[in-house]
Amino acid sequence: MRIATWNVNSLKARLEKVWWWLDRAEPDVVLMQETKLADSDAPVAEFAERGYELRHHGEGRWNGVAIASRCGASDVVTNFGEALRPADTPEGDDAPYAEARMISAVCGGVPVVSVYAPNGRTVGSRFYEAKLVWFERLERWLQESWDPDEPLVLGGDLNVAPADDDVWDPQACHGGTHVSPPEREAFARLLERGLIDAYRLHHPEPERYSWWDYRAGNFHKNYGMRIDHVLVSAPVVPRVSWAEIDREARKGKPTPSDHAPVLIDVDAPGKPLDAGWKGAADRIAARRKR
DNA sequence: ATGGTCGCGCAGCGA
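Right, let's walk through the structure included here. (Residues numbered from 1 in each chain as written. Chains lettered and ligands numbered in written order. Predicted model: local features only at pLDDT ≥ 70, side-chain atom pairs only at ≥ 80, totals over all residues. Heavy atoms only, no water.)

## Considering the pairing of strand β8 (residues 153-157)
As a reminder, the rule being used: Classification of residues uses two cut-offs on accessible area relative to the type maximum, computed with a 1.4 Å probe and protein chains only: under 20% is buried, over 50% is exposed, and between them is partly exposed. Secondary structure follows DSSP: runs of H or I at least 4 residues long count as helices, runs of E at least 2 residues long count as strands, and numbering of each begins at the N terminus. Strands pair, by our definition, only if DSSP identifies at least two bridges between them. Convention used here: a crossover is right-handed provided that the path from the first strand, over the helix, to the second strand proceeds clockwise when the strands point away from the viewer.
Burial analysis of β8 places 5 of its 5 residues in the buried class, which makes it a mostly covered element. Side chains V153, G155 and D157 project from β8 onto one buried face, and the interleaved L154 and G156 project onto a second face that is buried too. As paired elements, strand β7 (residues 110-116) and β8 share 5 bridges and run parallel to each other. Its bridge partner being in β8, V115 is matched across the sheet by G156. The β-α-β motif built from β7, the intervening helix α3 (residues 126-145) and the parallel element β8 has right-handed crossover chirality. Here 5 bridges tie β8 to strand β12 (residues 228-233), and the two strands are oriented antiparallel to one another. Bridge assignment links D157 to a residue of β12, and that residue is D228.

## Structural notes on the sheet that holds strand β5 (residues 74-78)
In plain terms, the rule: Helix axes use the C-alpha atoms of the stretch in contact, all axes being lines fitted to C-alpha atoms, and the angles between their N-to-C directions lie in the range 0 to 180 degrees. Contacts: residue pairs with any heavy atoms within 4.5 Å of one another.
The strand order β5-β6-β7-β8-β12-β9 describes an open sheet built from 6 strands, whose pairing is mixed. Each of the sheet's edge strands pairs with one partner strand only, and the pair in question is β5 and β9 (195-197). On average, each strand axis in the sheet is inclined to that of its neighbour by 20 degrees, with strand direction left out of account. Pairing analysis gives 6 bridges linking strand β6 (residues 102-107) to β7, with the strands arranged antiparallel. Directly across from M102, in β7, lies its bridge partner V115. Each of β9 and β12 touches helix α5 (residues 181-192); the most contacted strand, β9, lies at about 115 degrees to it.

## Focus: α5
To be explicit about the condition: One less than the residue count of a helix, multiplied by 1.5 Å, gives the span that helix is expected to have. It is the directions from the helix axis to the C-beta atoms that the arc portrays.
Between its first and last C-alpha, α5 extends 16 Å over 12 residues, near the 16 Å set by a 1.5 Å rise per residue. Turning to α5, its buried residues number three or more, namely E183, R184, A186, F187 and L190. All buried residues of α5 project into a common sector of 155 degrees when viewed along the axis, lining one side. The exposed residues of α5 that point more than 90 degrees off its buried face are P181 and E192. In this structure, the buried residues of α5 make contact with α3, β9 and β12. G194 sits one or two positions beyond α5 and adopts a positive phi of about 120 degrees.

## Here we look at the pattern of salt bridges
Heads up, the condition is: In the sections that follow, a salt bridge refers to a side-chain nitrogen of Lys or Arg positioned within 4 Å of a carboxyl oxygen of Asp or Glu.
Counted under the stated rule, the structure contains 20 salt bridges. E26 is the partner of K271 in a salt bridge, and the nearest nitrogen-oxygen pair spans 3.7 Å. Residue K271 is located in the loop between β14 (262-266) and α7 (280-289), and its partner E26 is located in the loop between α1 (11-25) and β2 (29-33); the two are separated by 245 residues in the primary sequence. What makes E26 partly exposed here is its relative accessible area of 35%. A salt bridge links E99 to R101; the nearest nitrogen and oxygen atoms lie 2.9 Å apart. We classify E99 as partly exposed; its relative accessible area is 30%. R101 sits in the buried class, given a relative accessible area of 7%. Among the ionic contacts, a cluster of salt bridges with common partners joins D166, D197, R200 and R226.

As structure tokens, then:
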């Protein structure tokens, strides 16, 4: 079973790219973020034509998460099992319930979760504080709804680069969001709880990113961050046969998302996929000199 | 290396 997570940066704008990528990677389950759609606008029929059941949770315009699965999607939970609250809800503990950032389902016998952590904007802002509160809510949901001895695959845009190897230039990123100690501690607590970074398990090498700013040719210089993650529980670890970040999906036309999909194969390996990292280092080094 | 680009939606904000 091939499971991917992909911040698509508008599912509506990305639809043609998504169809291309489904053909390319043949994933069984795709955890999506930033669909920017209301549930009523989710392209359920279009996914069904391609053999995927689409489960969507969003209000439109911002945020929005979804799960597309060709091996079933049962027991759907949205927003940590809470009702979405109006966006003008007072700040503080209500922040995790104001935006559509979490959906889970059981696909092919495996519980999967698609999450989109708040960006945080700037360290110390109320948006940053809300990001940390959101991580606390995620932790509590995990504690209440999952036994670490049970299978779980949690994927999404966590908006945290867990280590300095996960950013193109730690000095340049220092002081910003995604790398601050409290954010990294929130990520580390997920690992302490029993989740394992499946990509890192298979790829210890540095300079592997999942997001690159659209601007300034950052993708072509590989100035990025590894902020999209697939975390798996201990029972799943020995079943993960392969992991990749498909940087090919960040290229070309139609316009790509600013994020690349992160994929794992659970049990039997899926279709072979050249994610385009081999030889990229030399080409990138040449570009940086220009 | 706080923006040179996107998406949304029609001005300017969020990422």
